[in-house]
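Chain by chain, the residues run as shown.
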Amino acid sequence: MSTSTKPKAKEKPTTERITGAEAVVRCLIAEGVDVMFGYPGGAIMPVYDELYKYQKDIHHVLVRHEQGATHMAQGFARASGRVGVALATSGPGATNLITGVADAMIDSTPMVCITGQVPKHLLGSDAFQETDVMGISIPVSKWGFQITDASEIPEVFAKAFYVAKAGRPGPVVIDITKNAQFGEFDFSYEKCTSISTYVPRPILDEAKLKEAAELINNAKKPYILFGQGVILSEAEAELKALVEKTGIPSAWTIMGLSAMDTDHPLNVGMLGMHGNYGPNVNINECDVMIAIGMRFDDRVTGNLEKFAKQAKVIHIEIDRAEIDKNVKTDVAIHGDAKEAMATLLPMLNENKHESWLQEFKDCDKVEFEKVIDAECNPTTDEMTMGETIKELNKITGGNAIIVTDVGQHQMVACRYADFRQTKSNITSGGLGTMGFGLPAAIGAKLGAPERDVICVVGDGGIQMTIEELGVILQTDVHVKILLLNNEFLGMVRQWQQLFFDKRYASTEMVNPNFQLIAEAYSIKCNKIDQRKDLVGALTEMMETDGAYLLEVMVGKENNVFPMVPAGAAVADIKLEP
């Protein structure tokens, strides 16, 4: 005689009658949020009133501008691997978030942005501080929802955190009307683990993996190009194992930097507009290219008509929309980078490609003689950005998180900084947002408090979000700020010099006294313009307990080379003007 037990009916979660505003805070706590970034205002005030009651559970960082909140949330997410959270009021508060939302979207950063909204009955009436947040944000976000009733809050928040992190990560926007914040309902919360219409992790096609393995095993000049997808899928160990087993030279996109130790013998450098000579020249020499977790943007490919046309292309990518979008593939592996590489690895033969690797080393010698030696070991009186970064490497040992703004200093830092740990390079890669650096560094330090965080920034970018020094003053965030000052909007000036006959239109900067500004925010600071002071100043910055701003005056008209001119093939990279 057999017996069977009926499965127990799923118990209904216990409920508690609370306001929508309190439900917002309780949802955040249930999702493990303990740090968030925001700025209060009328339409979000009920939520802030509840946050006041939950200060022991959530550290709310009061930013000085809502754009700063999004960049801090981005830095937090990129350094910690968790979802960053930003909070703002309606109208201008909400619209000030949009640049950071767009930045997070193109750079695949998991973020939840919460905005207040006018009461439901005023929607569409042009009420005070009303904007169509959904209409504005949908084109630049992964998902969004406007909550008009308190009872919608738990389900929407659960879905938002799931969508932000699952598959290819991205930003989610939740707009909450004021009446929904005041309204009461029976609250319960259940995390979202799946959505029937969304498959974030595709099932791997084993036949495609076998095709890829055959191409790789038979290749004479294989080439790996890896992007941030390796970091987002936590596939650093799988990448290292694959590279070492096959002996394939491997280059990175700017967003993939730090997924592999920069000193690894098979790490050949950066591909793209200001990348290394070998990776750019040899992309048109390889016979098989394996692209992992990257999207073939124009700064990587240059002229698509001349990009790796001779190569068989294998593309491992979790976002189906990126496959065949820019570069046509021969073998498309739609799936998670970690899972794909782990499954592919046993199918690959052990190999060494010593003569092929030597071609990269030969290019390195040329680049060193024509570019790197002059940049990092200059004989002129003017200090360079490159030598500053190289001296910084000696102090950090490559173990710091480097957060860059956008411009010449960004390219120099990515070219010359050493990285020994993953999640160590934080930059605005896709949108190229000036002003990203300082707030993102604050967020990164709060996301990884045990690590040194250095904000490398130019005199142009820092002034776009310089008000966030107030967060350092109020919150005591121990960020190191390395200001490389060339008194120009350097990257634009470089283009004006090379392509517009030195017509420096609106690029020379008349700057304030950054030392007085730092002192006004009680931040220790120093300024140097002599090479003899560089090592001591960098050492003092890193050894000082607390935040520190070091301003280094560098050559006004120094350029970043190598460089792929706009519209040129990456193999046509220039080593000098």
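Residues numbered from 1 in each chain as written. Predicted model: local features only at pLDDT ≥ 70, side-chain atom pairs only at ≥ 80, totals over all residues. Heavy atoms only, no water.

Here's the deal with helix H17 (residues 408–416)
Phase 1 of the analysis: For H17, the buried fraction is high: 9 of the 9 residues fall into the buried class.
Phase 2 of the analysis: Every buried residue of H17 is accounted for by Gln-408, His-409, Gln-410, Met-411, Val-412, Ala-413, Cys-414, Arg-415 and Tyr-416. (Buried < 20%, exposed > 50% of the residue type's maximum accessible area, 1.4 Å probe, protein only. Helix = DSSP H or I, 4+ residues; strand = E, 2+ residues; numbered from the N terminus.)

Section: the pattern of salt bridges
Phase 1 of the analysis: Under the definition given, this model contains 26 salt bridges.
Phase 2 of the analysis: Between Glu-322 and Lys-325 there is a salt bridge, with its nearest N and O atoms 2.9 Å apart.
Phase 3 of the analysis: We classify Lys-325 as partly exposed; its relative accessible area is 46%.
Phase 4 of the analysis: Linking Arg-415 and Glu-367 is a salt bridge whose minimum nitrogen-to-oxygen distance equals 2.7 Å. With Arg-415 in helix H17 and Glu-367 in helix H15 (residues 354–376), this residue pair connects regions lying 48 residues apart in the sequence. Taken as a pair, Arg-415 and Glu-367 share a single burial class, namely buried. (Salt bridge = Lys/Arg side-chain N within 4 Å of Asp/Glu carboxyl O.)

Details of the domain arrangement of the protein chain
Phase 1 of the analysis: Split into domains, the protein chain comes out as domain 1 (16–187), domain 2 (206–359) and domain 3 (377–566).
Phase 2 of the analysis: Distance from the C-alpha centre of domain 2 to the C-alpha centre of domain 3: 30 Å.
Phase 3 of the analysis: At the junction of the two partners, domain 2 supplies 22 residues and domain 3 supplies 23 residues.
Phase 4 of the analysis: Overall, the association of domain 2 and domain 3 removes approximately 1700 Å² of surface from exposure, summing both partners, and the carbon and sulfur fraction of that is 57%.
Phase 5 of the analysis: On the domain 2 side of the interface with domain 3, the three residues burying the most area are Ile-254, Met-273 and His-274, jointly 36% of the side's total.
Phase 6 of the analysis: Taken together, the links from domain 2 to domain 3 amount to 2 salt bridges.
Phase 7 of the analysis: Ionic pairing is found between Asp-261 and Arg-420, a salt bridge with its closest N-O pair at 2.8 Å.
Phase 8 of the analysis: Run the count over domain 2 and domain 3 and you get 13 residue pairs in polar contact (both at pLDDT 80 or more).
Phase 9 of the analysis: For the side of domain 2 that touches domain 3, a count of residues per class yields 10 nonpolar, 7 polar and 5 charged. (Domains from an automatic or database assignment. Contact = heavy atoms within 4.5 Å. Buried area = accessible area lost by both parts, 1.4 Å probe. Polar contact = N/O pair within 3.5 Å; in protein donor to acceptor, adjacent residues only side chain to side chain. Nonpolar A, V, L, I, M, F, W, Y, C, P; charged D, E, K, R; others polar.)

As for the pairing of strand E17 (residues 453–458)
Phase 1 of the analysis: E17 sits mainly inside the fold: 6 of its 6 residues count as buried.
Phase 2 of the analysis: Across the two faces of E17 the burial is the same, with Val-453, Cys-455 and Val-457 and Ile-454, Val-456 and Gly-458 all buried.
Phase 3 of the analysis: Note that strand E15 (residues 401–404) and E17 share 4 bridges and pair parallel. Bridging from a neighbouring strand, Ile-401 pairs with Val-453 of E17.
Phase 4 of the analysis: Bridge count between E17 and strand E18 (residues 480–485): 5 bridges; the pairing is parallel. Note on E18: the bridge partner recorded for Ile-454 is Lys-480.
Phase 5 of the analysis: Note on the crossover from E17 through helix H19 (residues 469–475) to E18: the handedness is right-handed. (Pairing = 2+ DSSP bridges. Right-handed = clockwise from strand over helix to strand, strands pointing away.)

Examining the pairing of strand E2 (residues 35–38)
Phase 1 of the analysis: Side chains Val-35 and Phe-37 of E2 all project onto a buried face; the interleaved residues Met-36 and Gly-38 project onto the opposite face, where all are buried too.
Phase 2 of the analysis: Bridging between E2 and strand E3 (residues 59–62) involves 4 bridges; their strand directions are parallel. Residue pairing in the sheet places Phe-37 in a bridge with Val-61 of E3.
Phase 3 of the analysis: One crossover worth recording links E2 to the parallel E3 by way of helix H2 (residues 45–53), and it is right-handed.
Phase 4 of the analysis: Across 2 bridges, the pairing between E2 and strand E4 (residues 84–88) is parallel. What sits directly across from Phe-37, in E4, is Ala-86.

Observations regarding the packing of aromatic side chains
Phase 1 of the analysis: One pass over the structure, following the stated rule, counts 9 aromatic pairs.
Phase 2 of the analysis: For the pair Phe-185 and Phe-187, a centre-to-centre distance of 6.1 Å together with 80° between the ring planes defines the contact as edge-to-face. A single burial state applies to Phe-185 and to Phe-187, both of which are buried.
Phase 3 of the analysis: Between Trp-356 and Phe-360, the aromatic rings sit 5.0 Å apart at their centres with planes inclined by 75°, giving edge-to-face as the arrangement. Of this pair, Trp-356 and Phe-360 both sit in helix H15, separated by 4 residues, roughly a single helical turn.
Phase 4 of the analysis: According to the relative accessible area criterion, Trp-356 is buried, its value standing at 1%.
Phase 5 of the analysis: Within the aromatic cluster, the residues linked to one another by ring pairs are Tyr-223, Trp-356 and Phe-360.
Phase 6 of the analysis: Seen from the ring of Phe-488, Arg-493 lies directly overhead, with NZ or CZ sitting 5.7 Å from the centre. (Phe/Tyr/Trp six-rings, centres within 6.5 Å; stacked < 30°, edge-to-face > 60°. Lys NZ or Arg CZ within 6 Å of the ring centre and 35° of its normal.)

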